[in-house]
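# A look at the structure
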Amino acid sequence: MKVFDVAIIGGGVIGSSIAFELAAEKLNVVLLDREEPGRGASWAAAGMLSPAPDSPDALPLVPLAKHSLKLYRKFVAAIEEASGLHTHFASDGALQLFPGPQGEAERDKMVAELRALDIAIEPVSLDDARRMENAIGPAARAAAWLPGEATVEPRLLMDALLAALRHREVEIRSGCHVTSLLHQATRCTGLVAGGEEIAANFVVLAAGCYSSTLGAENSIENDWLSRCAPTRPVRGQMLALHSDKVILQRVLRSERGYLVPRLGGRIVAGSTLEEVGFDKRVTAGGMRKILDAAIELAPNLSGAEIVETWAGLRPATPDNLPILGPADIENVFIATGHYRNGILLAPVTAKIARDWILTKSMAAGAAIFSPLRFAERDVQVSNSKRNAANS
Ligand SMILES: Cc1cc2nc3c(=O)[nH]c(=O)nc-3n(C[C@H](O)[C@H](O)[C@H](O)COP(=O)(O)OP(=O)(O)OC[C@H]3O[C@@H](n4cnc5c(N)ncnc54)[C@H](O)[C@@H]3O)c2cc1C
């Protein structure tokens, strides 16, 4: 039987980026996806590359996010060179608008918080903001400029990544549903996909929000996955607009929503955060929320044509931080749970996974994302419950 160096479960931006790095090291890689690779959350994303935390929960992610943003230019250049395709990477910054009555105070708070995290941000007057983006509407009470932020077009990135993988001779198998891992004692020796056994020295689990659902009900895998890869889906709805009256150069956003310019005058507007399980439907309420925020940011969009609507499932985790690192089954690396930041975090995730597979060492600072943290927490919680009961 052929033995691959690495078998990767999931052909989204995470699995594909890892495959890209490993193939550069001349490893023999197979990438398995139960559907078409690149059509999951990675296809649905807005493509903002922003290391600014969107909540206090996301603070531990900031160093990793900043590192990944620094890697981005080289990462896309390598993909574009290998594939001959463009990813529409643009480092044009972002404008954050504050529409509430306390707009200026909110802006000053954000400026202080992001500067403390060493993220570039400047307060700007509304006149200056409108000189940068004349579509900004009257609701804005204050503005801030984030010059370090960038964007990429996720669908083009996925097309280019997959073409680059073919160029680097990665074997891509679509419609290939992985259902279990192969074991010899505590060591993983491959996996089962579509009933076929595939032997591999390493297995990478990168199945996005489906990572926790790999095993059959009541299987050993299921128990293991709920400990090491407890992902859940969080729906995000999106829509695309086209208007001759609104031309954006860069990301415009507020606490309520965002607008991201794309090629050909297309503007992507998002999004919702919904805990509705594995349901990818687009709803009237979701569209209304996004359109309200979009039209508040740029009122001329009220006459825009809605050219597309869609929804995707973000891979979230119990602490909403990614899961990155070796599991307690030898030769398995987990790279999932990137929640709202998988496009941004793809380059650094790929580098961490590659380094672990080549040297079995984890980057300093990545230990907090270990798949074992959930099991350790369970032990801590049950120990403290036991201590409380004994006291
Ligand atoms: C609306 C929305 C907006 C977003 N905006 C941004 C943004 O602006 N910036 C940003 O950085 N991130 C953003 N994200 C988040 C980002 O899209 C995700 O974090 C990222 O795409 C996750 O990538 P992934 O490869 O882990 O998952 P996915 O892209 O979902 O890929 C997982 C793949 O695994 C496959 N798979 C699942 N189970 C199996 C199995 N058993 N066997 C084989 N294959 C399997 C699936 O078919 C799928 O192709 C957004 C997400 C959404 C939904």
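Computed from a predicted structure; not experimentally measured.

## Some points on the site of the ligand
Around the ligand, the surrounding shell holds 43 residues, and the nearest of these are Gly12, Gly40, Gly208, Gly236 and Gly342. Going through the elements one at a time, helix H1 (13-24), helix H2 (41-44), strand E12 (232-242), strand E16 (305-316) and helix H9 (342-359) are the ones with two or more residues in the shell around the ligand. No fewer than three residues from each of domain 1 (3-78 + 154-231 + 318-383) and domain 2 (94-147 + 232-316) sit in the shell around the ligand.

## Quick look at the packing of helix H3 (residues 62-83) against H9
When two helices pack together, you describe them by how their axes are tilted relative to each other and by the distance separating the axes. Where H3 meets H9, the closest approach of the two axes is 7 Å, and the angle between their N-to-C directions is 90°. As summarised for this structure, H3 and H9 are arranged roughly perpendicular, according to the angle between their axes. Along its contact with H3, which presents Leu64, Ala65, His67, Ser68, Leu69, Leu71, Tyr72 and Phe75, the element H9 presents Leu344, Leu345, Pro347, Val348 and Lys351. Looking at the contact of H3 with H9 residue by residue, the classes come out as ten nonpolar, two polar and one charged.

## Looking at the domain arrangement of the protein chain
Here the domain parsing of the protein chain yields domain 1 (3-78 + 154-231 + 318-383) and domain 2 (94-147 + 232-316). Taken together, the contacts link 21 residues of domain 1 with 22 residues of domain 2. Of the residues forming the side of domain 1 that touches domain 2, the biggest block, three residues, is contributed by H2. A class-by-class count of the residues in the side of domain 1 that touches domain 2 yields eleven nonpolar, nine polar and one charged.

## Examining helix H8 (residues 284-297)
If you check H8, its first and last C-alpha atoms are 20 Å apart, about what 14 residues at 1.5 Å a residue would give, namely 20 Å. Burial in H8 covers these residues: Gly286, Ile290, Ala293, Ala294 and Leu297. Along H8, the residues classed as buried sweep out an arc of 100° about the axis, all on the same side. Pointing more than 90 degrees away from the buried face of H8 are the exposed residues Ala284, Gly285, Arg288 and Asp292. On its buried face, H8 sits against strand E4 (94-98), E12, strand E13 (251-254), strand E14 (257-261) and strand E15 (266-270).

## With respect to the sheet that holds strand E5 (residues 122-124)
If you trace the eight strands from one edge of the open sheet to the other, you get E5-E6-E4-E13-E14-E15-E12-E16, paired in mixed fashion. Bordering the open sheet on either side are E5 and E16, each of which pairs with just one other strand. Across the sheet, the mean angle separating the axes of adjacent strands is 25° when strand polarity is ignored. Direction of pairing for E13 relative to E14: antiparallel, over a ladder of three bridges. Bridging across to E14, Leu252 finds its partner in Leu259. Helix H4 (residues 103-116) rests against E4, E5 and strand E6 (142-146) of the sheet, and its axis sits at about 20° to E6. Most of the contacts of H8 go to E14, to which it runs at about 70°, and overall it touches E4, E12, E13, E14, E15 and E16.

## Concerning the nonpolar core
Counting residues in hydrophobic clusters, the biggest one holds 122 residues, and the most contacted among them are Ile8, Val203, Val204 and Leu259. Per-element tally for this core: the top contributor is H9, with ten residues. The residue makeup of this core includes at least three contributed by each of domain 1 (3-78 + 154-231 + 318-383) and domain 2 (94-147 + 232-316). Residue contacts for Ile8: discarding those within four places in its chain leaves Gly15, Ile18, Ala19, Val29, Leu31, Leu32, Val204 and Ala206.

## Considerations on the packing of H1 against H9
Relative to each other, H1 and H9 sit at 45°, their axes nearing to 8 Å. With respect to H9, the axis of H1 lies oblique. Seen from above, H1 lies across H9 with right-handed handedness. Along the contact surface, H1 presents Val13, Ile14, Ser17, Ile18, Phe20, Glu21 and Leu22, while H9 presents Gly342, Ile343, Ala346, Pro347, Thr349, Ala350, Lys351, Ala353, Arg354 and Ile357. Residues that form the contact of H1 with H9 fall into these classes: eleven nonpolar, three polar and three charged.

## Brief notes about the pairing of E13
Remark: a regular strand shows side chains that alternate across the two faces of the sheet. Here E13 shows no split at all, with Val251 and Arg253 on one side and Leu252 and Ser254 on the other all buried. The pairing of E4 with E13 spans three bridges and is parallel. Each residue of the ladder has a partner; that of Gln96, found in E13, is Arg253.

What counts, and at which threshold
- Residues numbered from 1 in each chain as written.
- Predicted model: local features only at pLDDT ≥ 70, side-chain atom pairs only at ≥ 80, totals over all residues.
- Near = placed C-beta within 6 Å.
- Helix = DSSP H or I, 4+ residues; strand = E, 2+ residues; numbered from the N terminus.
- Domains from an automatic or database assignment.
- Axes fitted to C-alpha atoms, helices over the stretch in contact; angles between N-to-C directions.
- Parallel < 35°, antiparallel > 145°, perpendicular 65-115°, else oblique.
- Contact = placed C-beta atoms within 7 Å.
- Nonpolar A, V, L, I, M, F, W, Y, C, P; charged D, E, K, R; others polar.
- Expected span 1.5 Å × (residues − 1).
- Buried ≥ 20, exposed ≤ 12 C-beta atoms within 10 Å, placed from the backbone.
- Arc of directions from axis to C-beta.
- Pairing = 2+ DSSP bridges.
- Core = buried A, V, L, I, M, F, W, Y, C linked by C-beta atoms within 7 Å.
- Left-handed = near helix turned anticlockwise from the far one by under 90°.

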